[in-house]
Amino acid sequence: GENVEQHPSTLSVQEGDSAVIKCTYSDSASNYFPWYKQELGKGPQLIIDIRSNVGEKKDQRIAVTLNKTAKHFSLHITETQPEDSAVYFCAADNTDKLIFGTGTRLQVFP
Amino acid sequence: ETGVTQTPRHLVMGMTNKKSLKCEQHLGHNAMYWYKQSAKKPLELMFVYNFKEQTENNSVPSRFSPECPNSSHLFLHLHTLQPEDSALYLCASSQAPGAGTYEQYFGPGTRLTVT
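Below is a summary of the structure that appears in this document. (Residues numbered from 1 in each chain as written. Chains lettered and ligands numbered in written order. Predicted model: local features only at pLDDT ≥ 70, side-chain atom pairs only at ≥ 80, totals over all residues. Heavy atoms only, no water.)

Observations concerning the overall build of chain B
Let me state the cut-off plainly: A run of H or I in DSSP counts as a helix once it spans at least four residues, and a run of E counts as a strand once it spans at least two, with each numbered from the N terminus. Values of the radius of gyration come from C-alpha atoms, whereas the globule rule sets the reference at 2.2 Å times the count of residues to the power 0.38. The classification of residues rests on relative accessible area computed with a 1.4 Å probe and restricted to protein chains. Under 20% of the type maximum is buried, over 50% is exposed, and intermediate values are partly exposed. The contact definition used throughout considers only heavy atoms, calling two residues in contact when any of these lie within 4.5 Å. Exposure was quantified through the Shrake-Rupley algorithm and a 1.4 Å probe, taking into account, for residues, occlusion by the shown protein chains and nothing else.
A tally of helices and strands in chain B yields 0 helices and 11 strands. Listing every helix and strand of chain B by position from the N terminus yields β-β-β-β-β-β-β-β-β-β-β. What you see for chain B is a C-alpha radius of gyration of 13 Å, in line with the 13 Å of a compact globule of 115 residues. Each principal axis of the C-alpha atoms in chain B carries an extent, and together these give about 40 × 30 × 30 Å. For chain B, the residues scored as buried account for 49% of the 115 residues in total. Relative to all contacts within chain B whose residues are 6 or more apart in sequence, the contacts with residues 24 or more apart total 54%. Accessible area for chain B stands at about 5400 Å²; split by element, carbon and sulfur atoms hold 48% of it.

See below:
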């Protein structure tokens, strides 16, 4: 079955810097890769996703890149702000189920 | 109410108690999910319901019993739980698995503590 690995587990950046979170997956048949943000006391919220027919997708300060050959995808956050502090999860679909990574705790210091 | 709501938000129960978690989605979706979120572990899919029919049981112990009376409501009945069942239980919904739309929307979760 699908296996998703996520790195790093924690990431601290200065406000205004960029943050990059990376995930790898094992099942080459996976074709949908969402990213979720989970703030304290809340459920995960979908922030961006990408499908295997595109290599990059951008939404304001957030971008996701996908390399199907290498089976990895990344989340890029530019000009980070304190409100970006949260736990971020990547996921990959596997026969209509989402398999999640273990999460990255991002801390943005003012 | 909008989105996905869950009640209660916090629950403390003894190992011999019986309790139920409730989830309601206001998004017009047809698929609903239960996940377990434990510290430092990936979200674990427990159950999937598609048009009220259970389509996935991810080897969940029988002390967890789901119920989906309609596409908007999902319950998780709990009985004789173990301390290791303490976790955040998340409900999610989506249009439907396999429909080409996989976006899942999560509720805020129920923080369960088993004493």
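Back to the write-up after that little detour.
What about the state of the cysteines?
Residues and elements named next belong to chain B. Applicable threshold: Only a pair of cysteine sulfur atoms within 2.5 Å counts as a disulfide in this structure description.
Counting across every chain of the model gives 2 disulfides over all chains. With its sulfur 1.9 Å from that of its partner, Cys23 forms a disulfide with Cys91. In this structure the cystine formed by Cys23 and Cys91 twists about its S-S bond by roughly -75°; its chirality is therefore left-handed. Of the two residues, Cys23 is situated in strand E3 (residues 18-25) and Cys91 in strand E9 (residues 87-94); the sequence distance between them amounts to 68 residues. You can call Cys91 buried: its relative accessible area is 0%.

Some remarks on the nonpolar core
Note the threshold: Residue types Ala, Val, Leu, Ile, Met, Phe, Trp, Tyr and Cys, when buried and joined through side-chain atoms within 4.5 Å, form a set referred to as a nonpolar core.
Within the largest apolar cluster, 24 residues are counted, with the highest numbers of intra-cluster contacts made by Trp35(A), Phe73(A), Leu75(A), Tyr88(A) and Leu106(A). Of all the elements in the fold, those that place two or more residues in this core are strand E2 (10-14), strand E3 (19-25), strand E4 (32-38), strand E5 (45-51), strand E7 (62-67), strand E8 (72-77), strand E9 (86-94) and strand E11 (104-109) of chain A. Excluding anything up to four places from it in sequence, Phe73(A) contacts Ile21(A), Lys22(A), Cys23(A), Tyr25(A), Phe33(A), Trp35(A), Thr65(A), Leu66(A), Cys90(A) and Ala91(A). Core analysis: the next-biggest nonpolar cluster, separate from the first, contains 22 residues, Leu21(B), Trp34(B), Cys68(B) and Leu81(B) among them.

Considerations on the interface of chain A and chain B
Where we set the bar: Two parts placed together each lose some accessible area; with a 1.4 Å probe, that loss summed over both constitutes the buried area. By definition, a salt bridge exists where a carboxyl oxygen of Asp or Glu is found within 4 Å of a side-chain nitrogen of Lys or Arg. Think of a polar contact as two N or O atoms within 3.5 Å of one another; within protein, one of them needs to be a possible hydrogen donor and the other a possible acceptor, and neighboring residues in sequence only count if both atoms come from side chains. Note on residue categories: nonpolar means Ala, Val, Leu, Ile, Met, Phe, Trp, Tyr, Cys or Pro, charged means Asp, Glu, Lys or Arg, and polar means any other residue, Gly included.
With 18 residues of chain A at the interface, the matching set in chain B holds 19 residues. Buried area between chain A and chain B, both sides added, is near 1500 Å², and the carbon and sulfur share of it is 57%. Inspection of the region where chain A meets chain B yields 2 salt bridges. A salt bridge links Glu56(B) to Lys97(A), with the shortest nitrogen-to-oxygen separation between them at 3.2 Å. There are 5 residue pairs in polar contact (both at pLDDT 80 or more) connecting chain A and chain B. Contributing elements (two or more residues each) for the side of chain A that touches chain B: E4, E5, E9 and strand E10 (97-100) of chain A. When the residues that make up the side of chain A that touches chain B are grouped by side-chain class, the tally is 7 nonpolar, 5 polar and 6 charged.

Re the layout of surface pockets
Take a probe with the size of a water molecule and roll it over the atoms, and the empty space left behind shows itself. As a reminder, the rule being used: Here a cavity denotes grid points, spaced 1 Å and computed from the protein atoms alone, that fit a 1.4 Å probe unable to get out, and a pocket denotes an open set having protein on both sides within 12 Å along at least 5 of 7 lines; residues with an atom within 4 Å of a point are the lining. Grid points are joined across faces, edges and corners, and a volume is the space filled by probe spheres set on the points.
Its boundaries defined by the atoms lining it, the largest pocket holds a volume of some 670 Å³. Looking at the largest pocket, it is lined by 28 residues, and the ones nearest its centre are Gln38(A), Val87(A), Phe89(A), Arg105(A) and Gln37(B). Of all the secondary structure elements, the ones that give two or more residues to the lining of the largest pocket are E9 and E11 of chain A. The greatest single-element share of the lining of the largest pocket, amounting to 4 residues, is contributed by E11(A). When the residues that make up the lining of the largest pocket are grouped by side-chain class, the tally is 8 nonpolar, 13 polar and 7 charged.

Re unusual backbone geometry
Residues His7(A) and Pro8(A) are joined by a peptide bond in cis, for which omega reads -5°. Cis geometry marks the peptide bond from Thr7(B) to Pro8(B); its omega dihedral reads -10°. Within the secondary structure layout, Pro8(B) lies in the loop between strand E1 (4-7) and strand E2 (10-13). A positive phi angle, close to 50°, is found at Phe51(B), a residue other than glycine. Residue placement: Phe51(B) occurs in the loop between strand E5 (44-50) and strand E6 (53-57). Residue Phe51(B) is classed as partly exposed on the basis of its relative accessible area, which comes to 49%. The phi torsion at Lys52(B) lies on the positive side, around 70°, for a residue other than glycine. Structurally, the position occupied by Lys52(B) is in the loop between E5 and E6.

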